Amino acid sequence: MKDQLRLAIKVSLQQCYADKTLNSEVSLDEIQLEIPKNSEHGDFSTNLALTLAKPERKAPRKIAEILVAALQGNPLCDKIEIAGPGFINFRLAATCWYEILDQITEQGNKYGCSNIGAGTKIQVEFVSANPTGPLHIGHGRGAVVGDTVAAVLQAAGFEVQREYYINDAGNQVLTLGRSILLRLRELQGEVVEFPEDGYQAPYVIDLATKYRTEQGGLNGVAEAEAIELCARFGVAEVLKWIEVDLQAFGIHFDSWYSEKNLYDQGMVKKELSKLKEKGLSFEMDDALWLRTTEYGDDKDRVLIKSDGSYTYFASDVAYHMEKFDRGFNRVIDVWGADHHGYIPRMKAMLAGLGHSPEDLEVLLIQMVNLLRDGKPYIMGKRSGNFVTLKEVIDEVGRDACRFFFLMRRCDSPLDFDLELAKQQSSDNPVYYVQYAHARICSINRNAAESGLEQLSGSVDYQRLELVEELALVKQLARFPETVAGAALSYEPHRIVFYLQDLAAQFHSYYNRYRVLVDDPATSRARLALVNAVRTVLANALQLLGLSAPEQM
RNA sequence: GCGCCAGUAGCUCAGUUGGAUAGAGCAACGGACUUCUAAUCCGUAGGCCGAGGGUUCGAAUCCUUCCUGGCGCGCCA
């Protein structure tokens, strides 16, 4: 709809250039068309005349008059007006809008999808929590945002892979192993001194107990080997928990990528030697450094420590290079905002190895402040006092939880009060949207009962003559561009706001008018309209990973 | 000290990437169920868009200087 109008304007502009009524020959790559806030200003509006004012050396309104003259008689438009400083406002013919209803019927659950991604291969890496403990609420936000960004990109025609990076090679894994081993010895009656930096949380005792029943004790096994065994056992167990929790949240990964595997396959060594060849790394104080300052970082970064062990950054270099080797055109990392300091060094590394830094997009997810009864909960795995994601899902429900995480832009911090979320659950916004869907399903049941659906045949959309009905159709028409915009900007919350707007418009219409009236033709037309609404509600809900209940 | 993110109605937040008279949800107040589900709707009230300066036809949005809050600034992950 919008594109058709845009094309028509473009043609007219070319016409003006050909006729020499306009002379600047400025070629605009894209004509800006927007939907005015005020409906009196028409369905679409363009500032074209304003932007041409300077190159044309003419008054904007004068230019607008010339353009409007060239556009006169276009079948798309009902009315074209010049307003304000030189805006051109278009009101489209109602028949144009009704075509949208047929499109929605035809496309069904594909309505809203587009091909602006054009099959570009893009990877979304998210969650990637260390496999040393269960997911907590902070991971939940990143999980939902990452999952939904991926879904929205898919809908926009990108080829998407969801990946979880498993940090199973670092120090913290050994710490987990050591903690399990100590708890195991405790279970065997030994008195042990539990170190400050060990994992103190109770789940470690569960892991030790499980190890003992399944694998037996570790008497007579050398310390280092025992730690290694416990670590590997612990990581495998914790990963199972994580996968189960994510499944309960409706999240599925296409790929689980192991850091340890990166080392085992020699990828880290390989990438590091590439850096050396390019003269980007250097030795100093017995350590190996990457000259990231060359590409805008504020200091150089260590790759290999003076004790010979690798930093987390070293494997990240290899990991990200390997992503591009796998053929992704673009790579998205979803991180907690507390890691934002890592962006410059990652971009520097990519630039050094010959990639465009723009090919890596880092989405920073601001902190979730978990509250209970208004009091802050202390987060952190070692404190032992944290609320797991699973507990939250069990308490407030999956749909409400997902919706809550998607409601705000991801770069604004989120206060999540469990008691409040439960208390408000009766008028939680997610139910508002779902209720709209359920209501339409209910209308359908009533229609079926009165035999109305048998009267199918071509629907007379001219019966939809109320301004509210036309407004609903227009709202439905903007769904595809909303999805596309959300995809290109990685902002899934746009879908949430769209959904709330559409639901509000429907509820208002529902309260004011009846769908099923005495006149069958009107009933059928209205039924077609609300079912188009239902389709779009369902598509949007699905995109967000939420259910679309038929009854509530 | 440096860097990143934020500052919009009493509270929580949107604001179509620079457009016309700044919006919604809670909370407050007043109304609507013999009619397809009241988990809903209608109405009222609420604003120096943190502050100053700049850019232009036009700024909540862009540049700059401050103020406030959060988070970072390791041979930790």
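Residues numbered from 1 in each chain as written. Chains lettered and ligands numbered in written order. Predicted model: local features only at pLDDT ≥ 70, side-chain atom pairs only at ≥ 80, totals over all residues. Heavy atoms only, no water.

**Student:** Outline the protein's contact with RNA strand B, supporting the account with residue identities and numerical values.
**Tutor:** In the vicinity of RNA strand B, 56 residues are found, and the nearest of them are Y342, R408, Y435, S442 and N446. By atom count, sugar and phosphate contribute 60% of the portion of RNA strand B lying within 4 Å of the protein. The contact in question runs from a base oxygen of RNA strand B to an N or O atom on the backbone of S306, over 2.7 Å. At 3.4 Å from a phosphate oxygen of RNA strand B is found a main-chain nitrogen or oxygen belonging to P413. (Near = heavy atom within 4 Å. Polar contact = N/O pair within 3.5 Å; in protein donor to acceptor, adjacent residues only side chain to side chain.)

**Student:** Talk me through the sheet that holds strand β2 (residues 44-46); I want residue IDs and the actual numbers.
**Tutor:** One open sheet accounts for four strands, arranged β1-β2-β4-β3; its pairing is antiparallel. Across the chains shown, the open sheet's two edge strands, defined by having one partner strand only, are β1 (33-34) and β3 (77-83). Bridge count for β2 against strand β4 (residues 87-92) is three bridges, and the pairing is antiparallel. Within β4, the residue paired with T46 across the bridge is I88. Across the sheet, helix α3 (residues 60-71) lies against β3 and β4, angled at about 170 degrees from β3, the strand it touches most. (Pairing = 2+ DSSP bridges. Helix = DSSP H or I, 4+ residues; strand = E, 2+ residues; numbered from the N terminus. Contact = heavy atoms within 4.5 Å. Axes fitted to C-alpha atoms, helices over the stretch in contact; angles between N-to-C directions.)

**Student:** Quick rundown of the side chain of H493? Include the residues and the values.
**Tutor:** Inspection of the secondary structure assignment puts H493 in helix α19 (residues 493-512). Apart from the residues within four sequence positions on either side, H493 is in contact with L406, M407, R408 and R409.

**Student:** Describe the side chain of R162, naming the residues involved and giving the relevant values.
**Tutor:** Along the chain, R162 turns up in strand β6 (residues 159-166). With relative accessibility at 10%, the residue R162 sits in the buried group. Not counting chain neighbours up to four residues away, the residues in contact with R162 comprise V124, F126, D147, A150, A151, Q154, H252, F253, D254 and S255. (Buried < 20%, exposed > 50% of the residue type's maximum accessible area, 1.4 Å probe, protein only.)

**Student:** Before we move on, could you go through the pattern of salt bridges and cite the residues and values that matter?
**Tutor:** Under the definition given, this model contains 27 salt bridges. The shortest N-O distance in the salt bridge between E237 and K240 comes to 3.2 Å. Taken together, the positions of E237 and K240, both in helix α8 (residues 223-248) and three residues apart, correspond to about one turn of that helix. The partly exposed category is assigned to K240, whose relative accessible area is 46%. One salt bridge connects D411 with R409, and the closest N-O pair in it is separated by 2.9 Å. (Salt bridge = Lys/Arg side-chain N within 4 Å of Asp/Glu carboxyl O.)

**Student:** An account of α8 is requested, with residue identities and associated values reported.
**Tutor:** Along its 26 residues, α8 runs 37 Å from first to last C-alpha, staying within 8% of the 38 Å computed at 1.5 Å per residue. Looking one or two residues past α8, G250 carries a phi angle of roughly 80 degrees, positive in sign. (Expected span 1.5 Å × (residues − 1).)

**Student:** So what about unusual backbone geometry? Which residues, and what values?
**Tutor:** Unlike most non-glycine residues, K20 shows phi in positive territory, near 65 degrees. Residue position: K20 is located in the loop between α1 (2-19) and β1. According to the relative accessible area criterion, K20 is exposed, its value standing at 57%.

**Student:** Help me get a handle on the domain arrangement of chain A, residues and values and all.
**Tutor:** The domain boundaries assigned to chain A delineate domain 1 (2-92) and domain 2 (428-543). For domain 1 versus domain 2, the distance between C-alpha centres works out to 32 Å. (Domains from an automatic or database assignment.)

**Student:** Residue-level account of the packing of helix α17 (residues 467-477) against α19, with values.
**Tutor:** Running from amino to carboxyl end, α17 crosses α19 at an angle of 160 degrees, the nearest separation of the two axes being 11 Å. Between α17 and α19, the interaxial angle falls into the category roughly antiparallel. Here α17 and α19 pass one another in a crossing that is left-handed. Side by side, α17 and α19 meet where E468, E469, A471, L472, Q475 and L476 of the first sit next to Y498, D501, L502, Q505, F506, Y509 and R512 of the second. Grouping the amino acids of the contact of α17 with α19 by side-chain chemistry returns seven nonpolar, two polar and four charged. (Parallel < 35°, antiparallel > 145°, perpendicular 65-115°, else oblique. Left-handed = near helix turned anticlockwise from the far one by under 90°. Nonpolar A, V, L, I, M, F, W, Y, C, P; charged D, E, K, R; others polar.)

**Student:** Any details on the packing of aromatic side chains? Residues and values, ideally.
**Tutor:** Under the definition given, this model contains 18 aromatic pairs. Judged by centre distance (5.8 Å) and plane angle (85 degrees), the ring pair of Y203 and W241 falls under edge-to-face. Within this pair, whereas Y203 is found in helix α7 (residues 203-215), its partner W241 is found in helix α8, the two being separated by 38 residues in sequence. The interplanar angle of 35 degrees and the centroid separation of 5.2 Å between the aromatic rings of F479 and Y498 together place this pair among those described as tilted. Separated by 19 residues along the polypeptide, F479 in helix α18 (residues 479-489) and Y498 in helix α19 bring together distant segments of the chain. Note on accessibility: F479 and Y498 belong to one class, buried. The structure contains a cluster of three or more aromatic residues connected by ring pairs, namely F126, Y164, F253 and W256. (Phe/Tyr/Trp six-rings, centres within 6.5 Å; stacked < 30°, edge-to-face > 60°.)

**Student:** Give a detailed account of the sheet that holds strand β8 (residues 281-284), specifying residues and quantitative values.
**Tutor:** The strands that make up a sheet are held in pairs by hydrogen bonds between backbone atoms, and each pair lies either parallel or antiparallel. One open sheet holds the three strands; their spatial order is β8-β9-β10, and the pairing between them is antiparallel. On the outer flanks of this sheet lie β8 and β10 (301-304), each paired with one strand and no other. Put simply, the sheet's adjacent strands are angled 45 degrees from each other on average, direction ignored. Relative to β10, strand β9 (residues 287-290) runs antiparallel, the two being bridged by three bridges. Across the sheet, residue L290 finds its bridge partner in β10, namely R301.

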